Amino acid sequence: MYLERLSLTNFKNIAEASLEFSPKINCFLGNNGMGKSNLLDAIFYLSFCKSFSGMTDTMLLRRGEDFAMAKARYIRRDTPEELSLGMVRGKRKSLKRGGKEYSRLSEHIGTFPLVMAAPQDIDLIRGSGEERRRWMDMVISQSDKRYLDALIRYNAGVEQRNRLLRAGIVDHTLYEAIETAMDMAARYIHAIRQSWVDKLTGLFHRYYRAIAGEDSEPVSLAFKGSLDASPDGSLTALLDAARRHDEIVKYTSVGPHRDDIEMLIEDMPMRRTGSQGQCKTFTIALRLAQYDFLHTATGMRPMLLLDDIFDKLDRDRVERIMALVTADEFGQIFVTDTNRKHLDDIMERTGGHYRMWTVQGGRFTLATSSQQQ
């Protein structure tokens, strides 16, 4: 699968842009704040119906404008696919595939798989458990519709239970009905998260060694699931035990919405002991492992978006990353950087199809293309 062309109107600082992409390497060169990352965010939005940066839809509209539009043409499983996204200030966004609007945006997740690596990935290590849960959910939901459905049902149950707690309602019949539904969803979520972390760990180790070197320090991942503490593996038992506490604090304190992933280097928490270079290597290895997982799970090569990933890495690690991402197992790649040498090296390594644009003030100028040779 690859993105063939993209047209944007009023997306962040991009007033108008129309680009046709290489099915392999696409590079964007420019100073910070020029619009390189905004273009990648638009591509991300078309896959996930939300911004990678966490901005609200209103914040994505170009300053002074009341609407934004994105139109894209993909080649997916050898078949052309059209997507169009419209956002109007104060109104519900509209996403259409082949001219037909989705009734539920969740139906779209996973249809156009994508992996994005960016400086914000440091939050996977140093941020709260919520960041890591969001990452788990984003990846797994692209390959498992049942998981996404269970997650939606579970989160709705948590909100319903929290409303009862905030209102001071003590009707155990109401709690039982909600908690039974939560338990069914929680068991599936827990099992799939545990299986996913197990699968990802092997892939992650391979990529970390490939980037850091064979004699690199040992790193590890471990799933910390809330249901592991349940005497019978159910959420119901945990909720029963926590009921009095929850009635006092007015929220649900146990369940999959408290799950986490432990990230270690030399058996110490990565967030406390990892250097900038080690943390950058760690997150890039996570993203490449994520790519590998999705490729196997979906049968498609996801798009790989690499936003300014070479900063804070030594020359050897940059070289190893370049060697990895230009290998045949990766499909279409979008790379941004402020350093032309990095981008020229990547294009030279491919020996195949590539394109590079310079970016300034939200404007994209095609600088070089293999088709010109």
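It should be noted that the structure appears before, not after, this text.
Residues numbered from 1 in each chain as written. Predicted model: local features only at pLDDT ≥ 70, side-chain atom pairs only at ≥ 80, totals over all residues. Heavy atoms only, no water.

## Re the environment of Leu343
To be explicit about the condition: In this description a helix means any DSSP run of H or I spanning at least four residues, a strand means any run of E spanning at least two, and both kinds are numbered starting from the N terminus. Categorising residues by exposure relies on relative accessible area from a 1.4 Å probe, with only protein chains included: less than 20% of the type maximum marks a residue as buried, more than 50% marks it as exposed, and the intermediate range marks it as partly exposed. Any two residues whose heavy atoms approach within 4.5 Å at even a single point are treated as in contact.
Along the chain, Leu343 turns up in helix 11 (residues 340-350). Residue Leu343 is classed as buried on the basis of its relative accessible area of 0%. Distance from Leu343 to Arg315, taken between C-alpha atoms, is 14 Å for residues 28 residues apart in sequence. The contact partners of Leu343, leaving out residues within four places of it in the chain, are Cys27, Phe28, Leu29, Val335, Asp337 and Met356.

## Observations concerning the pairing of strand 3 (residues 25-29)
Rules: Two strands pair under a simple rule: DSSP has to find at least two bridges between them.
Counting buried residues in strand 3 gives 5 out of 5 residues, a clear majority hidden from the surface. Of the two faces of strand 3, both are covered, the one formed by Ile25, Cys27 and Leu29 as well as the one formed by Asn26 and Phe28. The pairing of strand 3 with strand 13 (residues 333-337) spans 5 bridges and is parallel. Bridging from a neighbouring strand, Leu29 pairs with Asp337 of strand 13. With 5 bridges joining them, strand 3 and strand 14 (residues 354-360) adopt parallel strand pairing. Pairing of Phe28 across the sheet is with Trp357, part of strand 14.

## Brief notes about the sheet that holds strand 3
Stated formally: For helices, the axis comes from a line fit to the C-alpha atoms of the stretch in contact; other axes are also lines fit to C-alpha atoms, and the angle between any two N-to-C directions lies between 0 and 180 degrees.
One open sheet holds the 6 strands; their spatial order is 8-12-13-3-14-15, and the pairing between them is mixed. Strands at the two margins of the open sheet, each flanked by one partner only, are strand 8 (114-117) and strand 15 (363-369). Averaged over all adjacent pairs, the angle separating strand axes in this sheet is 20°, with direction ignored.

## With respect to the sheet that holds strand 10 (residues 260-265)
Across the sheet, which stays open at both edges, the 3 strands sit in the order 9-10-11 with antiparallel pairing between neighbours. What marks the edges here is a single partner per strand, and that holds for strand 9 (219-224) and strand 11 (268-269). Across the face of the sheet, helix 6 (residues 172-212) comes into contact with strand 9 and strand 10 while running at roughly 175° to strand 9.

## Quick notes on the nonpolar core
When a protein is soluble and globular, its nonpolar side chains tend to lie buried together. Convention followed: The term nonpolar core refers to a set of buried residues drawn from Ala, Val, Leu, Ile, Met, Phe, Trp, Tyr and Cys, joined through side-chain atoms within 4.5 Å.
If you look at the biggest cluster of nonpolar residues, it comprises 116 residues, and the most contacted ones within it are Trp135, Trp196 and Phe282. The biggest single contributor to this core is helix 6, with 16 residues.

## Remarks on the packing of helix 4 (residues 129-141) against helix 9 (residues 276-298)
Heads up, the rule is: Angles are sorted into four bins: roughly parallel if under 35 degrees, roughly antiparallel if over 145, roughly perpendicular if 65 to 115, and oblique for all others.
Their axes nearest at 10 Å, the elements helix 4 and helix 9 cross at an angle of 25°. Here helix 4 is positioned roughly parallel relative to helix 9, judged by the angle of their axes. Residues Trp135, Met138 and Val139 of helix 4 form the contact with helix 9, whose participating residues are Leu286, Arg287, Gln290, Phe293 and Leu294.

## With respect to the packing of aromatic side chains
Our working definition: Two aromatic rings, drawn from Phe, Tyr or Trp (for Trp, its six-membered ring), form a pair once their centres lie within 6.5 Å of each other, and the interplanar angle then sorts them: stacked below 30 degrees, edge-to-face above 60, tilted otherwise.
Evaluated as defined, the whole model comprises 14 aromatic pairs. Taking the centre distance of 5.0 Å and the plane angle of 70° together, the rings of Trp135 and Trp196 count as edge-to-face. One end of the pair, Trp135, is in helix 4; the other, Trp196, is in helix 6, with 61 residues separating them in the sequence. Residue classification places Trp196 among the buried residues on the basis of a relative accessible area of 2%. Measuring from centroid to centroid gives 6.0 Å for Phe204 and Tyr208, while their planes differ by 50°, and the two rings are tilted. Taken together, the positions of Phe204 and Tyr208, both in helix 6 and 4 residues apart, correspond to about one turn of that helix. Pair check on accessibility: Phe204 and Tyr208 agree, each one buried.

## Quick word on the pairing of strand 6 (residues 94-97)
Remember that side chains alternate between the two faces of the sheet whenever the strand is regular. Judged from the 4 bridges that link them, strand 5 (residues 79-88) and strand 6 form a sheet pairing that is antiparallel. Note on strand 6: the bridge partner recorded for Leu83 is Arg97. Here 2 bridges tie strand 6 to strand 7 (residues 100-101), and the two strands are oriented antiparallel to one another. Within strand 7, the residue paired with Arg97 across the bridge is Lys100. In sequence, strand 6 turns back onto strand 7 through a hairpin of 2 residues, with Gly98 there showing a positive phi of about 60°.

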